[in-house]
Amino acid sequence: TGDDGRFRQLMRGYARQHTQGVMSTQSFEAAVEEAFGQPMNWFFDQWVYGVEVPTYRAELDVSPMVDSPSPFMLHGTVTQEEVSDGFKMPVPLRFTFDKHPPVTHRIWIDKSEVTVELPLPAKPTDIEFNTQHAVLAKIR
């Protein structure tokens, strides 16, 4: 969604708990897992202990839909290159519309090619892949 409130809360709590104490990567990983309620070893393996940077190629298009609750559909593929099998990351897409508020969706890129189909409330005036450079990546 683009809301980083949970992450900010995590960081404040972690800093408060470790004031004048020892911080470590392992204790931070445990705090992240507790805050997000799921294993995060994949993230730490890729971004803390690993050195790979993905390259993404997005081939996306928008089509009108007939007899559908959503009048438009984003569809296409995203290719992920230059990383090991199993590398995964949620990549944000931000949609701007004329008469609707902007919307941000995250697409899980978890293999070399991912098919994307996403209903949209209107035809977007702009689509920003990896909005605000949220993921360290090369975009082609």
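First things first, this report covers the structure right here in the doc. Keep in mind the model is a prediction, meaning the values are calculated, not measured.

### Quick notes on the overall build of the protein chain
- Broken down by element type, the protein chain carries 3 helices and 7 strands.
- Each helix and strand of the protein chain, placed in order from N terminus to C terminus, yields the pattern α-α-α-β-β-β-β-β-β-β.
- The dimensions of the protein chain, computed from C-alpha atoms along their principal axes, are 60 × 35 × 20 Å.
- Within the protein chain, the fraction of its 140 residues that count as buried is 32%.
- When the accessible surface of the protein chain is split by element, carbon and sulfur atoms take 50% of a total near 9200 Å².
- Mean positive and mean negative side-chain charge positions of the protein chain (13 and 19 charges, respectively) differ by 7 Å.

### Some thoughts on the sheet that holds strand 7 (residues 138-139)
- The strand order 5-2-1-7 describes an open sheet built from 4 strands, whose pairing is mixed. A strand with exactly one partner marks an edge of an open sheet, and here the two such strands are strand 5 (113-120) and strand 7.
- Pairing of strand 1 (residues 55-64) with strand 7, which is carried by 2 bridges, proceeds in the parallel orientation. Across the sheet, the residue bridging to Y56 is I139, located in strand 7.

Conventions we followed
Residues numbered from 1 in each chain as written. Predicted model: local features only at pLDDT ≥ 70, side-chain atom pairs only at ≥ 80, totals over all residues. Heavy atoms only, no water. Helix = DSSP H or I, 4+ residues; strand = E, 2+ residues; numbered from the N terminus. Buried < 20%, exposed > 50% of the residue type's maximum accessible area, 1.4 Å probe, protein only. Areas by Shrake-Rupley, 256 points an atom, 1.4 Å probe, with all protein chains shown as cover. Lys, Arg positive; Asp, Glu negative; His and termini not counted. Charge placed at Lys NZ, Arg CZ, Asp CG, Glu CD. Pairing = 2+ DSSP bridges.

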